[in-house]
Structures are given as C-alpha cells and as structure tokens.
Amino acid sequence: MNQCVAAKEIAFIDLAAQRKRLGSRIDMAIGAVLAHGQYIMGPEVAALERQLEAFAGVDHAISCSNGTDALQLVLMAWGVGPDDAVLCPSFTFMSTAEVVPLLGATPVFVDICPHSFNLDPDALENAIAIAKQQALTPRVVIAVDLFGQPADYQHIEPIVARHGMKLICDAAQSFGASCHGRKVGTIGDATTASFFPAKPLGCYGDGGAVFTQDSELAALLRSLRFHGKGDDKYDNVRIGMNGRLDTIQAAVLIEKLAIFEDEIAARNDIARNYGNALSDCVETPRIANGTTSVWAQYTVRLPASKRDAVQSKLRGQGVPTQVYYPTPLHRQTAFQGAPYAGDLSVSEAASQSVLSLPMHPYLTRETQDFIIERVADAVRST
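None of these values were measured; they are calculated from a predicted model. (Residues numbered from 1 in each chain as written. Predicted model: local features only at pLDDT ≥ 70, side-chain atom pairs only at ≥ 80, totals over all residues. Heavy atoms only, no water.)

A look at the overall build of the protein
Alright, step 1. Along the protein, the regular secondary structure elements total 14 helices and eleven strands.
Alright, step 2. At 21 Å, the protein has a C-alpha radius of gyration in line with the 21 Å of a compact globule built from 382 residues.
Alright, step 3. When the backbone C-alpha atoms are referred to their principal axes, the protein occupies close to 65 × 60 × 35 Å.
Alright, step 4. The 382 residues of the protein split such that 55% are buried.
Alright, step 5. With the model as given, the accessible surface of the protein reaches about 15400 Å², and the carbon-plus-sulfur share is 50%.
Alright, step 6. With 32 positive and 41 negative side-chain charges, the protein shows a spacing of 4 Å between the two charge centroids. (Helix = DSSP H or I, 4+ residues; strand = E, 2+ residues; numbered from the N terminus. Rg over C-alpha atoms; globule rule 2.2 N^0.38 Å. Buried < 20%, exposed > 50% of the residue type's maximum accessible area, 1.4 Å probe, protein only. Areas by Shrake-Rupley, 256 points an atom, 1.4 Å probe, with all protein chains shown as cover. Lys, Arg positive; Asp, Glu negative; His and termini not counted. Charge placed at Lys NZ, Arg CZ, Asp CG, Glu CD.)

Considering the environment of K199
Alright, step 1. Assignment of secondary structure puts K199 in the loop between β8 (190–194) and β9 (208–212).
Alright, step 2. Between the C-alpha atoms of K199 and Q51, which are 148 residues apart in sequence, the distance is 18 Å.
Alright, step 3. Among all residues touching K199, those that are not within four sequence positions of it are A172, Q173 and S194. (Contact = heavy atoms within 4.5 Å.)

Considerations on the packing of helix α5 (residues 67–77) against helix α6 (residues 95–102)
How two helices pack is summed up by the angle between their axes together with the distance between the axes.
Alright, step 1. α6 packs onto α5 with a crossing angle of 40° between their chain directions and a minimal axis gap of 9 Å. Judged by the inter-axis angle, α5 sits oblique to α6. Note on packing geometry: the crossing formed by α5 with α6 is right-handed. Along the contact surface, α5 presents T68, L71, Q72 and L75, while α6 presents S95, T96, E98, V99, V100 and L102. (Axes fitted to C-alpha atoms, helices over the stretch in contact; angles between N-to-C directions. Parallel < 35°, antiparallel > 145°, perpendicular 65-115°, else oblique. Left-handed = near helix turned anticlockwise from the far one by under 90°.)

A few points about unusual backbone geometry
Alright, step 1. Each neighbour pair has its own omega, and for Y324 with Y325 the value is 15°, a cis peptide bond.
Alright, step 2. Note that Y325 resides in the loop between α12 (304–316) and α13 (345–353).
Alright, step 3. Phi is positive for F117, which is not a glycine, with a value near 70°.
Alright, step 4. Within the secondary structure, F117 is located in the loop between β3 (106–110) and α7 (121–133).
Alright, step 5. Backbone geometry places W295, a non-glycine residue, at a positive phi of 55°.
Alright, step 6. Along the chain, W295 falls in the loop between α11 (260–278) and β10 (298–301).

Looking at the pattern of salt bridges
A side chain with one charge may pair with a side chain of the opposite charge, provided their charged atoms come close.
Alright, step 1. Going through the model one piece at a time under the given rule, you end up with 15 salt bridges.
Alright, step 2. Ionic pairing is found between R50 and E49, a salt bridge with its closest N-O pair at 3.8 Å.
Alright, step 3. Judged by relative accessible area, R50 falls into the partly exposed class, the value being 40%.
Alright, step 4. With its nearest N and O atoms 3.4 Å apart, the salt bridge here joins E373 to R374.
Alright, step 5. By relative accessible area, which is 21% here, R374 ends up partly exposed.
Alright, step 6. It is possible to trace a salt-bridge network through shared partners that takes in E49, R50, E53, R222 and R225. (Salt bridge = Lys/Arg side-chain N within 4 Å of Asp/Glu carboxyl O.)

Considerations on helix α4 (residues 43–56)
Alright, step 1. With 14 residues, α4 extends 20 Å from end C-alpha to end C-alpha; this agrees with the ideal 20 Å at 1.5 Å per step.
Alright, step 2. Among the residues of α4, those classed as buried are E44, V45, L48, E49, L52, E53, F55 and A56.
Alright, step 3. After α4 finishes, the residue G57 shows a positive phi value of roughly 70°. (Expected span 1.5 Å × (residues − 1).)

A closer look at the side chain of E53
Alright, step 1. Structurally, E53 can be placed in helix α4.
Alright, step 2. Looking at E53, the relative accessible area reads 11%, which means it is buried.
Alright, step 3. When sequence neighbours within four positions are dropped, the list of residues in contact with E53 reads V58, D59, H60, A61 and R222.

Things to note about the nonpolar core
One broad rule of soluble globular proteins: the nonpolar side chains tend to lie buried together.
Alright, step 1. One finds F91, F117, Y274, L278 and Y298 to be the most contacted residues of the largest nonpolar core, which totals 35 residues.
Alright, step 2. At seven residues, helix α14 (residues 365–380) tops the list of elements feeding residues into this core.
Alright, step 3. Residues in contact with F91, not counting those within four places in the same chain, are I112, F117, L146, F147, Y324, Y325, S347, A350, S351 and V354.
Alright, step 4. Membership of the second largest hydrophobic core comes to 31 residues, among which are L73, V74, C88 and L217. (Core = buried A, V, L, I, M, F, W, Y, C linked by side-chain atoms within 4.5 Å.)

Brief notes about the sheet that holds strand β2 (residues 84–89)
Alright, step 1. With respect to topology, seven strands assemble into an open sheet ordered β1-β9-β8-β5-β4-β2-β3, the strand pairing being mixed. Every interior strand has two partners, whereas the edge strands, β1 (60–64) and β3, have only one. Neighbouring strand axes in the sheet, compared pairwise and without regard to direction, differ in orientation by 25° on average.
Alright, step 2. Two strands pair when backbone bridges link them, and β2 and strand β4 (residues 137–144) are joined in this way by four bridges, in the parallel orientation. In the strand pairing of β4, A85 is matched with P138. (Pairing = 2+ DSSP bridges.)

A word on empty space enclosed by the protein
Alright, step 1. The final tally for this structure, using the stated rule, is three cavities of 30 Å³ or more.
Alright, step 2. Taken as a whole, the largest cavity spans an internal volume of roughly 100 Å³.
Alright, step 3. Taken together, 14 residues make up the lining of the largest cavity; nearest its centre are L146, F147, Q149, P285 and W295.
Alright, step 4. The residue makeup of the lining of the largest cavity, split by class, is six nonpolar, seven polar and one charged.
Alright, step 5. Of the pockets and cavities examined, the second largest cavity occupies roughly 80 Å³.
Alright, step 6. Around the second largest cavity, the lining is made up of 15 residues, and of these L15, Q18, P200, R267 and P361 lie nearest the centre.
Alright, step 7. At the level of elements, α2 (15–22) and α11 are the ones that each hand at least two residues to the lining of the second largest cavity.
Alright, step 8. Looking at the lining of the second largest cavity, its residues break down into seven nonpolar, three polar and five charged. (1 Å grid on protein atoms, 1.4 Å probe; cavity = no way out; pocket = protein on both sides within 12 Å on 5 of 7 lines; lining within 4 Å. Points joined across faces, edges and corners; volume = space filled by probe spheres on them. Nonpolar A, V, L, I, M, F, W, Y, C, P; charged D, E, K, R; others polar.)

See below:
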C-alpha cells in the first residue's frame, strides 16, 4: 500500500484534485464571463458578494483584488497615517504589517500564544503601552487567525475597546471558521480575507474581501477600491486605489464556495487523524474550546535541533513540508527599527520549530497514513 503512495507525487496542496471534482462547472462559469465580456465588476462580482454575506452571516462583503489590499483599504477608510500605531503579531506573513508603513503609520509587533500561534492578549497590553512611550497613537489592532484558527477574541476585544481602538481580524487563513458561536467575518470592526489559490477558499489568481456590519464603512470601502469614485467612476471624491476583483475570479469563487463546507469537514477529519496518530512524537495543534478551524495549514512543532533533518528525510521519502514562517517580522530587514513589545521570544521559538504537513481536502486515508508513518519515523530516528 505504502509503496503505491510513494510511487505517486504527494501534493502539499492539491488544487488539481479540486479542479477535477468541479469539472465542467468551472469551465461553464469562466465561459459565461467570456461570453458577456464584463471582465471588471461584472455581475458575478455582486453575486459572489451576496453569497459570501450569506455564508458568513454578515451584512456587507466587499470583494477586492487581494488580501493585502483588503487590509490597506480598511486602514485607508479609517484614516490611519503618520504618528499612528498599528499593532499586529510578529509571527505572520509579510502582508499583515506591510500595509502599515505604506500609509505612513508604524507597525508595533506583538508576541503570540505558544499553542495557538495567534496574538497574545497579555502581550497586546504591553505593546499598547510601548506605542504610547514612542509618542504614537494606538489606532488599530490587526489580529491574525493563523493556520485557520481564530485568535482569542474574547480577550482581545475588551482590550481594544478599552483603549478606544479599532480591530481588524486578518482572516486570510481562517475564513469559514468560528469563535464561540460567531462566524469569521462577523468579529471585530472589519474582517479581511484572502482568496489566494492556496487558501482554503481560493480562486485562480489573486482575490480578497472585507467583511463588516458597518454600512458606512462598507460604502467607503466600495469607493476606495474603485479609485475613490462617487456617483460614477469619473466622479472621484477621494483618493482611492485600484482594488477591484476580476469577474473571472468571482465566477471561480462562486463554484468553489458551493463545495466549501464539504471541504472544511474533510480538512477537520484529516486534522483529527493527524492529531490522533502524531501526538506522541510531535507537538500537534491545539484548538481552543469554543473555536473551530479550517486548517489552512496543519502545523506541528518539534525540537529546533531536529527540524531541518526531519524535513530533509521527509523530502527524500516524497513527503513535502513547509516552514511558515522561518523569520518573524520584527527580524525582517524591511522592519528594522520598528518598535515591539518585549523580546518576542515565543514568536522566535515558533519560527525555529514549526513544520507544516500536507493539508487539503483530497488527501486519501492511504496517503494520510503514509505521511503519518514517515513523519513518526523521521522524528524518532533523528
């Protein structure tokens, strides 16, 4: 059995299997756009936004060009700029903090919780104090839902409210999850999502969205994503950006959204199987009580001294792995000199010990077992 799996190439994320499942539905969806020719802001864009609103149970879904632009659009709408501080975790992808200096504001990096990899509420309080010591005005917290699990919003939200700040939930990896009965998209002042192809809900290019219950914010975001338009595209009432979602990508997302809940269930089955089989040889992910995950990644931890050797052994046996993320943002050259709270030791330890295993809804049980066997062997023999 395992020899059969080994003879095949294991995909870290298998978009081809999903494409095969969707079959002619994708061809027809794209063909419909080619037929009507409305490649920018065509009817599929509005249809997708309505379906996303229904899925998340939120009043407004504003599609846009990608997840990074989604973050920037929200900060622009709130007038974030020079002398403002935006607090975000250091253990995340570049885009979370990248948008902050683009608007002239200052990112302040915050440490993470060791088990969830998400922003630590206790460290957040310290970071707010440090921002004020730097003569910055704490304006926004961007809490990232890393690897598919929502952050600890029950403790983050009161801190944000107490300091009169705004909260963005960076749900680039968690759309489709929930936190204590609230779906991702309904938490915070705004939620941003990415539809990059590798995400649990991804298109065939770049795409993103902002979710909010605030009607005024939604109207402003729709203007900002279209060059600050007013009554029409030649009536420009503010400085905006070109942040529109292509119609073809909207058409693809509509078809993928139709099978999304089924794919989330499959991801959770795989995560349970991984967890049950690997918990005695690596530190497996922990999902907080009352929280669900969409398992954008299945990320384990192992001793830093072993990781490179384990990854190399797995590569040699046909098991792909990835390290998300090898360098925390506060150590990136681009953010040299940016303030941060404390030594960010948890973020640094995570960057040296995490390893993500193949995770997608189309991993067969046979392939899962092959991966599990090889991971356990590689860890125990290293």
